[in-house]
Amino acid sequence: MVIRQILTVEEPILRQRAKKVTQFDASLHRLLDDLTETMRDAPGIGIAANQVGIPLQVAVIELEEKVTELINPQIVRSSGEVIDWEGCLSIPGFVAEVKRHATVTVKARDRHGKEFRVKGEELFARALQHEIDHLNGILYIDYLESLEELVRVSDRPSEVQEETTAGI
Ligand code: NI
């Protein structure tokens, strides 16, 4: 496994819609393994393939020691709203309060191409929305009225979870 370089906010590839995966082959499995390794090294709780320069609809989330691999993910149901702190590995050193759905159900494929559904709440719901946004070229700063809403991680209020500020 290879730790890949994480691209930051100014890179145009982060603003492009990633392409659907059609081949569930060894190179996809390598990419998934590298994404997990890169996310852990950062450290973070989620990462999307375009953050390492690969414009494919592939993302990985790891919470409570459970890795969720998402290929061609789509939100099929959402409910509620919650405002909480959020960070991103491509915007290192900052967090902001972002409004998200409280609960989402996502349809995706696994590394072998098999379709599955996963329901997320709390931080997992936030991570799912954040990664699917990445694959559509959207960053959480797009939801802010002003970049002045960004808070330096070093100045963050004490209620901000460390996991969140690690980056998604
Ligand atoms: Ni991110």
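Computed from a prediction, not measured in an experiment: that's the story for all the values here. (Residues numbered from 1 in each chain as written. Predicted model: local features only at pLDDT ≥ 70, side-chain atom pairs only at ≥ 80, totals over all residues. Heavy atoms only, no water.)

Caption draft 1: Spatial organisation of the coordination of the nickel ion. Within the protein, the atoms that donate to the nickel ion are Cys88 (SG), His130 (NE2), His134 (NE2) and Ile168 (O), at distances of 2.1 to 2.3 Å. Relative to the metal, the four donor atoms surrounding the nickel ion lie at angles of 90 to 132°, and the coordination shape comes out tetrahedral. In the primary sequence, the donor residues of the nickel ion line up as C-x41-H-x3-H-x33-I. Of the two residues, His134 sits in helix H2 (residues 122-135) while Ile168 sits in the segment after helix H3 (162-166), which places them 34 residues apart along the sequence. For His134, a relative accessible area of 1% puts it in the buried group. Overall, Ile168 belongs to the buried group, its relative accessible area being 0%. (Donors = N, O, S within 2.8 Å, 3.2 Å for Na, K, Ca; no water. Tetrahedral: all angles 85-135°; square planar, octahedral: opposite > 155°, others 65-115°. Helix = DSSP H or I, 4+ residues; strand = E, 2+ residues; numbered from the N terminus. Buried < 20%, exposed > 50% of the residue type's maximum accessible area, 1.4 Å probe, protein only.)

Caption draft 2: Fine view of the nonpolar core. One finds Ile61, Leu63, Leu70, Val106, Val118, Phe124 and Leu128 to be the most contacted residues of the largest nonpolar core, which totals 15 residues. Sorting the residues of this core by element identifies strand E2 (58-63), strand E6 (103-109) and H2 as the ones contributing at least two each. Residues contacting Leu128, with those up to four places away along its chain left out, are Ile61, Leu70, Val104, Val106, Val118 and Gly120. Grouped together as the second largest cluster of nonpolar side chains are 13 residues, Leu28, Leu31, Leu35 and Ile71 included. (Core = buried A, V, L, I, M, F, W, Y, C linked by side-chain atoms within 4.5 Å. Contact = heavy atoms within 4.5 Å.)

Caption draft 3: Focus on unusual backbone geometry. In this structure, the amide linkage connecting Ala42 to the following residue, Pro43, adopts the cis form with an omega of -10°. Among the structural elements, Pro43 can be located in the loop between helix H1 (26-41) and strand E1 (46-48). At Glu64, a position not held by glycine, the phi torsion is positive, near 50°. Mapped onto the elements, Glu64 comes out in the loop between E2 and strand E3 (66-79). Unlike most non-glycine residues, Glu122 shows phi in positive territory, near 55°. Among the structural elements, Glu122 can be located in helix H2.

Caption draft 4: Geometry of the side chain of Ser90. In this fold, Ser90 is placed in the loop between strand E4 (82-87) and strand E5 (94-100). For Ser90, a relative accessible area of 0% corresponds to the buried category. The residues touching Ser90, leaving out its near neighbours within four places in the chain, are Ile6, Leu7, Thr8, Val9, Leu14 and Gln51.

Caption draft 5: Structural detail: H2. Here H2 spans 21 Å end to end across 14 residues, near enough to the 20 Å set by a 1.5 Å rise per residue. With 13 of 14 residues buried, H2 is to be regarded as a mostly interior element. Just downstream of H2, Gly137 is the residue with a positive phi angle, here 80°. (Expected span 1.5 Å × (residues − 1).)

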